[in-house]
Amino acid sequence: MDKELSSIHYDEYLQLKKILDAQHLRSVGFNKPAHDEMLFIIVHQVYELWFKEILHDLGSVMELFSEGTVIESHIGVAISRLDRISKIQKILVDQIDIIETMTPLDFLDFRNYLLPASGFQSFQFRQLEVSLGLKRERRISYTQCSYSGVFSDKEQKILDELEKGDSMFDLVEKWLERTPFLQFEAFDFVEEYKKSVGLMLNREEQAIESADYISTQEKQLRINMMGETKTYFNSIFDEAIHDQKMKEGTLKLSYKATISALLINLYRDEPLLRQPFMFLQKLVDMDELLTTWRNRHAQMVLRTLGQKIGTGGSSGYDYLKTTADKHRVFYDLHNISTLLIPRSFLPELPKELKEKLDFNFSKDKS
Ligand code: HEM
Ligand SMILES: N[C@@H](CC(=O)c1ccccc1NC=O)C(=O)O
């Protein structure tokens, strides 16, 4: 039987006693009250609450993707949840404006009471990074110790388990690898795409050669540069080159998943590929916003601390700036843009495949 409904008060429901009694200023404890420490604590607490919501939403999306097949209606749910995450991330970026109202000198009033606490000890931030797919060996090291050494044994175990399991990156890769339509009867997507790329590059080369106002020397230079673009395309034409790049660590997404992501991006206008395309877009949004946050945080640290080393033991600004570039997870999805070709060069899909990718609502049923 259902439990009988009881009433509840706002304070009790939101546990406000706990939350509003959780701002203990260290500067007050040391009898040197610093006005801005209240802001510093509250901003961090708000961040941690939003991290909690992000992990809650991301965890639910990962669960939807954890089964062998992803139910189609679940893609819509995943898109909505990832969209919510990116909206929260925007707030997280904007909050940096608030912390920046604290001047460097005002921070120094209480900074020495914080040692050795730092953002390195944010367990939820590390949970988020690992859940997305940041691998231990790809992390920028700031000391000899493991990034997880600052956590309790219990927390380290949770991070270890998370690292062992499938991350969002792994789940997306597997999902992409299951995409049908790469080979549809006589239609071989990669072969057709290869021909179109060849046509497009030839056309571009001709355009350079016949262009006015460019010197012969400059033309040659540009044509040589196009050679580099061709090399880039070669890895999508040849699985062995792609795998070599994966071994070297310059690519992370498997060959098959990359081809599928390319197909989805190129044929996004086909109704059945619209949602998969939006889903990939949301992942790119999330990755980009985390990078934006890392950059903004690093910039704010430069403004507040200059080149001072951090309380957590890193070089501070230099370390943080590097993470913005190197700790991206979905870089290969951003990079699909390099492989895109104009719609006018897109290989035409066979009629039967086009029909399969349509909702067929408006088709004449007579
Ligand atoms: C005045 C404000 C802030 C300053 C001066 C600051 C400074 C720093 C510094 C120097 C580091 C590098 C670790 C170290 O060696 O200490 C760091 C890391 C970090 N901070 Fe902040 N921080 C500030 C505010 C925030 C806020 C509001 C958050 C939100 C949760 C935050 C989250 C983090 C995280 C997650 C890291 C680890 C980054 C990584 O390893 O990739 N910080 N911070
Ligand atoms: N790492 C900062 C201190 C700091 O920002 C911090 C200290 C305690 C709790 C949270 C912090 N914020 C995130 O880095 C510093 O070196 O001043």
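Residues numbered from 1 in each chain as written. Chains lettered and ligands numbered in written order. Predicted model: local features only at pLDDT ≥ 70, side-chain atom pairs only at ≥ 80, totals over all residues. Heavy atoms only, no water.

A.B. asks: Any chance you could explain the site of ligand 2 here in plain terms?
C.D. replies: For ligand 2, the full set of nearby residues is Phe40, His44, Phe107, Arg111, Leu114, Ala117, Ser118, Gly119, Leu305, Gly310 and Thr311. In this structure, Arg111 approaches ligand 2 through a side-chain N or O atom, which is 2.6 Å from an oxygen atom. Within the backbone of Gly119, an N or O atom sits 3.1 Å from an oxygen atom of ligand 2. In the complex, the protein chains occlude 79% of the 390 Å² of accessible area that ligand 2 would expose alone. (Near = heavy atom within 4 Å. Polar contact = N/O pair within 3.5 Å; in protein donor to acceptor, adjacent residues only side chain to side chain. Areas by Shrake-Rupley, 256 points an atom, 1.4 Å probe, with all protein chains shown as cover.)

A.B. asks: Looking at this model, I keep getting lost on the coordination of the iron atom of ligand 1. Mind explaining?
C.D. replies: For a metal with four tetrahedral donors the ideal donor-metal-donor angle is 109.5 degrees, while six octahedral donors give ideal angles of 90 or 180 degrees. Looking at the iron atom of ligand 1, one finds just one donor atom contributed by the protein, His297 (NE2), at 2.2 Å. Viewed at the metal, the six donor atoms of the iron atom of ligand 1 are separated by angles of 82 to 177 degrees, and the geometry they form is octahedral. Counting through the fold element by element, His297 comes out in helix H14 (residues 271-305). (Donors = N, O, S within 2.8 Å, 3.2 Å for Na, K, Ca; no water. Tetrahedral: all angles 85-135°; square planar, octahedral: opposite > 155°, others 65-115°. Helix = DSSP H or I, 4+ residues; strand = E, 2+ residues; numbered from the N terminus.)

A.B. asks: Can you walk me through the site of ligand 1 in this structure?
C.D. replies: Around ligand 1 lies a shell of 26 residues, among which Arg126, His297, Gly312, Ser314 and Tyr319 are the nearest. At 2.9 Å from a nitrogen atom of ligand 1 is found a side-chain nitrogen or oxygen belonging to His297. Here an oxygen atom of ligand 1 and a side-chain polar atom of Tyr319 are 2.6 Å apart. Only helix H4 (37-64), helix H7 (123-132), H14 and helix H15 (317-326) provide two or more residues apiece to the shell around ligand 1. Taken together, the residues of the shell around ligand 1 break down into 15 nonpolar, 10 polar and one charged. Per-domain counts for the shell around ligand 1 show at least three residues from each of domain 1 (7-114) and domain 2 (166-366). (Nonpolar A, V, L, I, M, F, W, Y, C, P; charged D, E, K, R; others polar. Domains from an automatic or database assignment.)

A.B. asks: Explain the UniProt feature "binding site: heme" (unreviewed entry) in the chain to me, please; I cannot follow it from the model alone.
C.D. replies: When the UniProt feature table is mapped onto this chain, "binding site: heme" (unreviewed entry) is found at His297. If near-sequence neighbours (up to four positions away) are discounted, His297 is found in contact with Ile96 and Leu320. (UniProt positions renumbered as here; feature names shortened; annotations may be inferred. Contact = heavy atoms within 4.5 Å.)

A.B. asks: What's the story with the nonpolar core in this structure? I'm lost.
C.D. replies: Counting 96 residues, the largest nonpolar core has Phe65, Phe189, Tyr193, Phe279, Leu280 and Leu283 as its most contacted members. The element best represented in this core is H14, accounting for 13 residues. The residues contacting Leu283, other than those within four sequence positions of it, are Leu82, Met168, Val172, Phe330 and Leu333. (Core = buried A, V, L, I, M, F, W, Y, C linked by side-chain atoms within 4.5 Å. Buried < 20%, exposed > 50% of the residue type's maximum accessible area, 1.4 Å probe, protein only.)

A.B. asks: In this structure, what is going on with the packing of aromatic side chains? I would like to understand it.
C.D. replies: For any two aromatic rings, the description comes down to two numbers: the centre-to-centre distance and the angle of the planes. All chains considered together, the criterion is met by 20 aromatic pairs. Seen from their ring centres, Phe120 and Tyr319 are 5.4 Å apart, and the 85 degrees between their planes marks the pair as edge-to-face. Here the residue Phe120 occupies a position in the loop between helix H6 (104-111) and H7, and Tyr319 occupies one in helix H15, the gap between them amounting to 199 residues. Comparing Phe120 with Tyr319 shows no difference in burial state: the two are buried. Here Trp175 and Phe279 contribute two aromatic rings whose centre-to-centre distance is 5.2 Å and whose plane-to-plane angle is 85 degrees, an arrangement assigned as edge-to-face. (Phe/Tyr/Trp six-rings, centres within 6.5 Å; stacked < 30°, edge-to-face > 60°.)

A.B. asks: Would you take a moment to explain the domain arrangement of the chain for this structure?
C.D. replies: Where interface size is given, it is often the accessible area lost as the parts come together that is meant. Under the domain assignment used here, the chain contains domain 1 (7-114) and domain 2 (166-366). Distance from the C-alpha centre of domain 1 to the C-alpha centre of domain 2: 32 Å. Taken together, the contact between domain 1 and domain 2 spans 31 residues of the former and 28 residues of the latter. Here domain 1 packs against domain 2, burying approximately 2600 Å² in sum over the two surfaces, 71% of which is carbon and sulfur. (Buried area = accessible area lost by both parts, 1.4 Å probe.)

A.B. asks: What should I look at first to understand the pattern of salt bridges in this one?
C.D. replies: Any two side chains of opposite charge can pair, so long as their charged atoms come close to each other. In total, this model carries 24 salt bridges according to the counting rule given. With a closest N to O distance of 3.1 Å, Arg84 and Asp57 form a salt bridge. Taken as a pair, Arg84 in helix H5 (residues 72-99) and Asp57 in helix H4 lie far apart in primary sequence, 27 residues in all. Where Asp83 meets Lys87, a salt bridge forms, and the shortest distance between an N and an O atom there is 3.2 Å. Placement of both Asp83 and Lys87 in helix H5 is noted, with a separation of four residues, approximately one turn of the helix. Asp83 sits in the partly exposed class, given a relative accessible area of 23%. Assessed through its relative accessible area of 47%, Lys87 is described here as partly exposed. (Salt bridge = Lys/Arg side-chain N within 4 Å of Asp/Glu carboxyl O.)

A.B. asks: Is there a simple way to explain the UniProt feature "binding site: substrate" (unreviewed entry) in the chain in this structure?
C.D. replies: Under the present numbering, the feature "binding site: substrate" (unreviewed entry) in UniProt falls on Phe40, Ile41, Ile42, Val43, His44, Arg111 and Thr311. Its location among the elements puts Ile41 in helix H4. Residues contacting Ile41, with those up to four places away along its chain left out, are Ala22, Gln23, His24 and Leu25. By the secondary structure assignment, Arg111 is in helix H6. Judged by its relative accessible area of 13%, Arg111 is buried. Look past the residues within four positions of Arg111 in its chain and what remains in contact with it is Leu305, Lys308, Ile309, Gly310 and Thr311.

A.B. asks: Help me out: how do you make sense of a nonpolar patch on the surface in this one?
C.D. replies: Taken together, the side chains of Ile8, Tyr10, Tyr13 and Leu14 present a nonpolar region at the surface, about 480 Å² in accessible area. Tracing the backbone through its elements, the reader meets Ile8 in the segment before helix H1 (10-13). (Patch = residues over 30% accessible without salt bridge, like charges linked within 9 Å, V, L, I, M, F, W, Y side chains within 5 Å.)

A.B. asks: Quick question: what am I supposed to make of unusual backbone geometry here?
C.D. replies: In terms of backbone geometry, most residues other than glycine have negative phi values and most peptide bonds are trans. With omega at -5 degrees, the peptide bond leading from Leu115 into Pro116 counts as cis. Within the secondary structure, Pro116 sits in the loop between H6 and H7. A positive phi angle is found at Gln15, which is not glycine, with a value near 55 degrees. Along the chain, Gln15 falls in the loop between H1 and helix H2 (16-20). You will see that Tyr213, though not glycine, has its phi angle at about 65 degrees, which is positive. Following the sequence through the fold, Tyr213 ends up in the loop between helix H10 (189-209) and helix H11 (216-237). Exposure remark for Tyr213: the relative accessible area of 87% places this residue in the exposed category.

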